Amino acid sequence: MCKGLAALPHTCLERAKEIKTKLGTLLQKPESAIDLIIPYPDKPEKTPKASKPSAEEAGQWRDSLDKLLQNSYGLSVFQGFLKSEFSEENIEFWMACEDYKKVKSPSKMATKAKKIYDEFIQTEAPREVNIDHFTKAVTMKNLVEPSSSSFDLAQKKIFALMEKDSLPRFVRSEFYQELIK
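Predicted, not measured: the structure shown is a model, and the values here were computed from it.

J.: Which residues make up the overall build of the chain, and what are the values?
T.: Looking only at helices and strands, one finds 10 helices and 0 strands in the chain. Going from N to C terminus, the chain has its helices and strands arranged as α-α-α-α-α-α-α-α-α-α. Residue pairs at least 24 apart in sequence account for 60% of intrachain contacts in the chain once pairs closer than 6 positions are excluded. Only carbon and sulfur atoms are counted for the fraction: they give 57% of the accessible area of the chain, which is about 11,800 Å².

In structure tokens, the structure reads:
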């Protein structure tokens, strides 16, 4: 089924990425016994379902990733689309950064920053995002003394990547086409 690398079917590559993500998550070691009981204590609460936007409102997302991400329904549909392509790490990193900016306690900020770094930034992270060496170095330097802007440069790079690559694919997808009918 999955023979030569050049002839590798798209679905094999998707499956390999999914397996890598799952293994990376499973291989993360808990830092304390409580992590075994409650693996993600900072996990944001689920927000209530947003109402479906009008076709006109959804049509505006075609040209603005900002508008798409500001709409809870749009964010949810976009995230579902990226999951269907096994490429949700970028939106999940962006969302983790948005959540991180809301933290006020320095100790919670340091803990959350380490968690984001371990999950998305470090080399071979379980859901590693694609950022350049310079951005990674700046982010690491920012984490010496975490602040609400520690991940800003990396988040901007990922936003630009989603805007240039993911948004055009989303606009061509059935997910989006159903919304603008």
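J.: Residues and numbers for the packing of aromatic side chains, please.
T.: For the coordinates displayed, the defined rule picks out 7 aromatic pairs. Seen from their ring centres, Y100 and F151 are 5.1 Å apart, and the 85 degrees between their planes marks the pair as edge-to-face. Here F151 lies in the loop between α8 (133-142) and α9 (152-172) and Y100 lies in helix α6 (residues 89-100), a separation of 51 residues in the sequence. Y100 gets classed as buried once you look at its relative accessible area, which sits at 1%. These aromatic residues form a ring-pair network of at least three members: F78, F81, F170, F175 and Y176.

J.: Please provide a residue-by-residue account of unusual backbone geometry, values included.
T.: Residue F86 is not a glycine yet carries a positive backbone phi of 55 degrees. By secondary structure assignment, the location of F86 is in the loop between α5 (72-84) and α6. Unlike most non-glycine residues, E124 shows phi in positive territory, near 65 degrees. Here E124 is to be found in the loop between α7 (106-121) and α8.

J.: So what's going on with the nonpolar core? Residues and values would help.
T.: Counting 36 residues, the largest nonpolar core has L69, F78, F93, I121 and F151 as its most contacted members. Among the elements of the structure, α4 (65-70), α5, α6, α7, α9 and α10 (174-179) are those that each provide at least two residues to this core. Considering each element in turn, this core owes the most residues, 7 residues, to α9. Residue contacts for F78: discarding those within four places in its chain leaves L65, L68, L69, I91, M162, S166, L167 and F170.

Parameters and conventions
Residues numbered from 1 in each chain as written. Predicted model: local features only at pLDDT ≥ 70, side-chain atom pairs only at ≥ 80, totals over all residues. Heavy atoms only, no water. Helix = DSSP H or I, 4+ residues; strand = E, 2+ residues; numbered from the N terminus. Contact = heavy atoms within 4.5 Å. Areas by Shrake-Rupley, 256 points an atom, 1.4 Å probe, with all protein chains shown as cover. Phe/Tyr/Trp six-rings, centres within 6.5 Å; stacked < 30°, edge-to-face > 60°. Buried < 20%, exposed > 50% of the residue type's maximum accessible area, 1.4 Å probe, protein only. Core = buried A, V, L, I, M, F, W, Y, C linked by side-chain atoms within 4.5 Å.

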